[in-house]
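# A closer look at the structure
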Amino acid sequence: MRSSNPVFSRRGFSRDNGYAGFNTAPQAGYAQGNPYAQGGNPYAQNPYATNPYAQPDAQYGAPQAPATTGRMTMDDVVVRSATTLGVVVLGAVLAWAVLPVSTGSYGLAVGSALVAFVLAMVQSFKRTPSPALILGYAAFEGVFLGVISEMYNTQWSGAPFQAVLGTMAVSAATLLVYKAGWIRVTARYARVGMAIALAFVLVMAVNMLLVVFGAADDGGLRSFGPLGAVVGIIAILIGAFFLTLDFKQIEDGIAYGAPRNEAWLAAFGLTMTLVWIYLEMLRLVAIFSNND
């Protein structure tokens, strides 16, 4: 399956089948539903590697539990995600503590964001995850977030803390809805959501150009008024959509026996999505604080 963020397209756990992982479950003896099946799977270890449950018991004819050595587990995802997010937080805290709010620090923030973007793009086009690239992205993204958060906190005291709480609330609610089965991540769901997300990004890009060339006042669609609040809410909903794709990506990777290093991709995707939600939540808190 392939999952993407609004800005960074990243490879999912399917090597060549696009959204083939949707609406499929690991089944013994069937290779087409499993992106790590024998034949198409460079990591297959034996003739029964079509999926984690495919190895038959010679005596009873029942499937046996697969060997888990070298396979991605939920613990792997949690550890890699905690590490990546920890680097983001560390970079943000250091940037906040060391860099004063000034024109120079804003320039550093922009430079850090550009470096993070380049590292993320390089990782997105690599066939294998690179922990160095992912952690480098996290470090530079953290510096950017630290400077931006300090700037917001200077004008709207407590806004970063409220944005963190809002990000946690959105993430927890999305996970609850996903695990309860209220949202089914299907190929159609992904296509429609991606179309909406791409349209949103294009509209925001056009809006930015209009603002830069003076054709739109006060930020246009990204103003700090009611229209900006509506756009911010839409952006957060898009972030929640990408979280569901991240959850599905992780679930499929574990079910299909993805290699352990693929947990870095899961951490990479979750980090980008959470950064997206946090930034939009930060703007939304500022907008509502202006209207108090």
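Residues numbered from 1 in each chain as written. Predicted model: local features only at pLDDT ≥ 70, side-chain atom pairs only at ≥ 80, totals over all residues. Heavy atoms only, no water.

## A look at the overall build of the chain
This is how it is decided: Each helix is a run of H or I in the DSSP string that is no shorter than four residues. Each strand is a run of E no shorter than two, and both are numbered from the N terminus. Buried residues are those whose accessible area, probed at 1.4 Å on protein chains only, stays under 20% of the maximum for their type, while exposed residues exceed 50% and partly exposed ones sit between those limits. In this description, contact between two residues means that some pair of their heavy atoms is separated by no more than 4.5 Å. The Shrake-Rupley method, run with a 1.4 Å probe sphere, supplies the accessible areas, and residue values consider only the shown protein chains as cover.
Along the backbone of the chain there are seven helices and zero strands. From first element to last, N terminus to C terminus, the chain shows the α and β order α-α-α-α-α-α-α. Going through the 292 residues of the chain one by one, you find that 47% of them count as buried. Taking the contacts inside the chain whose residues are at least 6 apart along the sequence as the reference set, 75% of them involve residues at least 24 apart. A total accessible area of about 14300 Å² is found for the chain, and carbon and sulfur atoms account for 67% of it.

## With respect to the nonpolar core
Using the following cut-off: We define the nonpolar core as a collection of buried residues of types Ala, Val, Leu, Ile, Met, Phe, Trp, Tyr and Cys that are connected through side-chain atoms lying within 4.5 Å of one another.
Judged by nonpolar contacts, the single largest core of 58 residues is most densely connected at Tyr137, Phe200, Phe242 and Leu282. Taken together, the elements giving at least two residues each to this core come down to α1 (74–98), α2 (103–125), α3 (131–155), α4 (159–179), α5 (187–212), α6 (226–255) and α7 (263–290). Looking at this core, the element that brings in the most residues is α7, giving 17 residues. Leu282 has contacts with Ile148, Ser149, Tyr152, Ala159, Pro160 and Ala163, leaving out every residue within four places of it along the chain.

## Examining α5
Which entries qualify depends on this criterion: Residue count minus one, scaled by 1.5 Å, sets the expected span of a helix.
Its 26 residues place the ends of α5 37 Å apart at the C-alpha level, agreeing with the 38 Å of an ideal helix rising 1.5 Å per residue. Among the residues of α5, Ala187, Ala190, Gly193, Met194, Ala197, Phe200, Met204 and Asn207 are the ones counted as buried. For α5, the elements touching its buried residues are α6 and α7. Directly after α5, the chain includes Gly214, whose backbone phi takes a positive value near 80 degrees.

## As for the packing of aromatic side chains
Applied cut-off: Stacked, tilted and edge-to-face pairs are distinguished by plane angle, under 30 degrees for stacked and over 60 for edge-to-face with tilted covering the rest, among Phe, Tyr and Trp rings (Trp via its six-membered ring) whose centres lie within 6.5 Å.
Scanning all chains against the criterion turns up seven aromatic pairs. A ring pair is formed by Tyr137 and Phe268, whose centres lie 5.6 Å apart and whose planes are at 90 degrees; its orientation type is edge-to-face. In this pair, Tyr137 is assigned in helix α3 and Phe268 in helix α7, connecting sequence segments 131 residues apart. Both residues of the pair, Tyr137 and Phe268, count as buried. Plain terms: the ring middles of Tyr178 and Phe247 are 5.7 Å apart, the flat faces sit at 55 degrees to each other, and that makes the pair tilted. With Tyr178 in helix α4 and Phe247 in helix α6, this pair connects stretches of sequence that are 69 residues apart. Taken individually, Tyr178 and Phe247 each receive the classification buried, so the pair is uniform in this respect.

## Overview of the pattern of salt bridges
Heads up, the rule is: Think of a salt bridge as a Lys or Arg side-chain nitrogen and an Asp or Glu carboxyl oxygen that are within 4 Å of each other.
Enumeration over the complete set of coordinates arrives at four salt bridges. For Glu280, the salt bridge is made with Arg222, and the minimal N-O distance between the two is 2.9 Å. Here the residue Glu280 occupies a position in helix α7, and Arg222 occupies one in the loop between α5 and α6, the gap between them amounting to 58 residues. Ionic pairing is found between Lys248 and Asp252, a salt bridge with its closest N-O pair at 3.3 Å. In this pair, Lys248 and Asp252 are both assigned in helix α6, four residues apart and thus about one turn of the helix distant.

## Remarks on the packing of α3 against α7
Counted only if it meets this: Note on geometry: axes are C-alpha line fits, over the in-contact stretch for helices, and angles between N-to-C directions span 0 to 180 degrees. Each angle gets one of four labels, with under 35 degrees taken as roughly parallel, over 145 as roughly antiparallel, 65 to 115 as roughly perpendicular, and the rest as oblique. In this classification, the charged set is Asp, Glu, Lys and Arg, the nonpolar set is Ala, Val, Leu, Ile, Met, Phe, Trp, Tyr, Cys and Pro, and all remaining amino acids, among them Gly, are polar.
It is at 11 Å that the axes of α3 and α7 come closest, and there the two elements cross at 10 degrees. By the angle between their axes, α3 is roughly parallel relative to α7. Residue-level inspection shows Pro131, Ile134, Leu135, Tyr137, Glu141, Phe144, Leu145, Ile148, Ser149 and Tyr152 of α3 in contact with α7, the latter providing Trp264, Leu265, Phe268, Thr271, Met272, Val275, Tyr278, Leu279, Leu282, Arg283 and Ala286. Of the residues in the contact of α3 with α7, the class split is 17 nonpolar, two polar and two charged.

## Some points on the environment of Gly239
Relative to the helices and strands, Gly239 is located in helix α6. Taking the C-alpha atoms as reference points, Gly239 and Ser171, 68 residues apart in sequence, are found 9.2 Å from one another. Excluding residues that lie within four positions of it along the chain, Gly239 makes contacts with Thr273, Trp276 and Ile277.

## Details of α1
With 25 residues, α1 extends 36 Å from end C-alpha to end C-alpha; this agrees with the ideal 36 Å at 1.5 Å per step. All of the buried residues in α1 are Asp76, Val77, Arg80, Ser81, Thr84, Val88, Gly91, Ala92 and Ala95. Each element contacted by the buried residues of α1 is listed here: α3, α6 and α7.

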